[in-house]
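Residue strings, one per chain:
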Amino acid sequence: MPFSAASAYAIEDLRRAAQQHLPRAIFDFFDGGAEDELTLRDNRAAFARLRLLPHVLRDVSVINTGIDLLGQPAALPMAIAPTGAVGYGRPGGDIAIARAAAAAGIPYTLSSSATTSIEQIADAAPGRLWFQSYIFKNKTFQAALIERARVADYEALMITVDLPVGGKRERDQRNDFSVPFKLTPKNTLDFALHPAWVLNVLRRGLPVMENLRGLEQASPKPSSTPSASAIATSVGKNYDTAFDWDALQKLRDAWPRKLIVKGVLHPADAQRLADMGCDAVVVSNHGGRQLEGAVATLDALPGIVQAVDGRIPVLLDGGIRRGSDIVKALACGAQGVLLGRATLYGAVAGGQAGAERAIAILKDELTRTMQLCGARSIQEIEAGLLFEPKR
Ligand SMILES: Cc1cc2nc3c(=O)[nH]c(=O)nc-3n(C[C@H](O)[C@H](O)[C@H](O)COP(=O)(O)O)c2cc1C
């Protein structure tokens with residue numbers, strides 16, 4: 001049966017629809033985490049451990065969900081997190097999410113590993129754009145990539161610092177979602193069972209990491225249009241594991257607009273980032289895909305909020321699936337949250353309508369939670385709304 005976005009009432013409905021639509025190898029790549037997936041699960045469990053202590057008898061007939069996010073208004077305390085290889089789930093998926101973000105009045109972050117280019121997104125999506133970059137060994141390539149984002153008017157550069165090497169993602173290993181992408185008897189059956197996905201891909205061609213064209217030229221097997229699966233490993237080889245504080249300071253000094261650092265969990269690191277002039281930090285463990293055993297982001301948040309002491313905004317991602325998750329993160333001191341898989345599942349299941357549905361579900365739940373807590377504006381979401389049950 002074709003997917004109807006209106007029939008999804010929760011992010012979990014969109015997740016299930018994505019699961020039905022996709023070959024298992026692709027779904028697992030989006031859905032999975034590192035090793036035993038402890039951190040992946042704990043991101044969600046941390047929200048479940050924390051309860052709300054609502055105020056009543058307040059006039060909640062008008063609710064304002066707007067905030068100032070990095071000096072500009074956002075209609076909701078949210079932005080889209082960077083996700084690479086989206087085109088594997090649905091051709092044009094990056095544009096679908098970027099347009100949904102623009103329609104909702106929230107910033108969209110394009111991944112350096114995206115299957116749509118910096119320029120294509122700037123042309124196709126009218127809203128606020130941030131560009132995320134990993135750090136590559138090839139410094140000429142790195143500088144050119146960032147310069148493209150500047151020329152295309154991206155308002156912020158987001159540097160992801162939790163991926164000097166890739167996490168050990170065993171679902172991908174078991175599904176042979178690696179390099180080279182092997183068509184095994186297991187995969188063939190998997191793909192044969194998803195003809196709609198196969199047809200879509202055959203019609204549009206295998207996704208390409210558009211922003212990384214040319215990166216491979218320095219490697220032993222040059223290719224100007226590497227497929228997403230082929231580049232997954234080669235990019236790994238191209239990451240700069242030596243990237244450090246001095247190198248980040250040089251990037252900070254060279255980039256003239258807002259600089260966001262994503263993948264911070266330690267309060268001392270957050271404090272140093274605020275000291276060196278970064279404009280925001282994202283408390284993130286990469287959605288449980290990198291360091292297995294890393295602390296849940298909601299648990300790491302209070303220490304970071306304390307460390308930066310209001311000098312720069314603190315954003316959080318990881319496990320946001322409910323409006324109440326957003327209220328809890330904000331009550332713990334985050335200024336906003338990033339959406340990773342929530343909009344990814346939506347876009348894979350239903351293109352732009354699916355991504356819009358994901359944001360609409362979270363907006364509705366956020367507004368309802370605020371009304372039920374007696375919080376009429378984002379400023380009224382504060383620590384007094386939190387209750388940590390004694391177990
Ligand atoms: C399929 C997938 C691809 C991702 N690609 C990137 C990426 O290219 N760059 C990056 O900084 N983070 C990437 N992330 C991490 C997200 O930006 C974000 O930190 C994470 O998804 C948040 O957790 P959530 O999915 O539970 O919301 C990716 C996550 C997923 C699920």
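Here, every reference points to the structure presented above.
Here the structure is a predicted model, which means the values were calculated and not measured.

Quick look at helix 14 (residues 323-331) now. In terms of burial, helix 14 is a largely internal element, eight of the nine residues being buried. Among all positions in helix 14, only Gly323, Asp325, Ile326, Val327, Lys328, Ala329, Leu330 and Ala331 are buried. Immediately beyond the C-terminal end of helix 14, within one or two residues, lies Gly333, with a positive phi of roughly 110°.

Further remarks concern the side chain of Asp172. Tracing the backbone through its elements, the reader meets Asp172 in helix 7 (residues 170-174). For the buried residue Asp172, which engages in no salt bridge, the nearest side chain bearing the opposite charge is Arg169, 4.9 Å off. Excluding its chain neighbours within four sequence positions, the residues that come into contact with Asp172 are Asp28, Phe29 and Phe177.

Neighbouring the ligand are 21 residues; Pro82, Ser111, Tyr134, Thr160 and Asp317 lie closest to it. Measuring from an oxygen atom of the ligand, one finds a side-chain N or O atom of Ser284 at 3.4 Å.

Here the focus is unusual backbone geometry. Residue Glu35 is not a glycine yet carries a positive backbone phi of 45°. Mapping Glu35 onto the fold places it in the loop between helix 2 (24-31) and helix 3 (38-49). Even without glycine at this site, Glu37 takes up a positive phi of about 65°. Assignment of secondary structure puts Glu37 in the loop between helix 2 and helix 3.

Right, let's talk about the nonpolar core for a bit. In terms of nonpolar packing, the biggest core is built from 116 residues, with Met78, Tyr108, Trp130, Val337 and Ile381 touching the most fellow members. Ranked by residue count, the leading element in this core is helix 15 (residues 341-373), at 13 residues. The contact partners of Tyr108, leaving out residues within four places of it in the chain, are Ile80, Asp94, Ile97, Ala98, Ala101, Ile121, Arg128, Leu129 and Trp130.

Bringing the environment of Gly84 into the picture now. Note that Gly84 resides in the loop between strand 4 (78-80) and helix 4 (93-104). Using a relative accessible area of 23% as the deciding quantity, one classes Gly84 as partly exposed. Residues in contact with Gly84, not counting those within four places in the same chain, are Phe29, Ser111, Ser113 and Ala114.

Analysis parameters
Residues numbered from 1 in each chain as written. Predicted model: local features only at pLDDT ≥ 70, side-chain atom pairs only at ≥ 80, totals over all residues. Heavy atoms only, no water. Buried < 20%, exposed > 50% of the residue type's maximum accessible area, 1.4 Å probe, protein only. Helix = DSSP H or I, 4+ residues; strand = E, 2+ residues; numbered from the N terminus. Lys, Arg positive; Asp, Glu negative; His and termini not counted. Salt bridge = Lys/Arg side-chain N within 4 Å of Asp/Glu carboxyl O. Contact = heavy atoms within 4.5 Å. Near = heavy atom within 4 Å. Polar contact = N/O pair within 3.5 Å; in protein donor to acceptor, adjacent residues only side chain to side chain. Core = buried A, V, L, I, M, F, W, Y, C linked by side-chain atoms within 4.5 Å.

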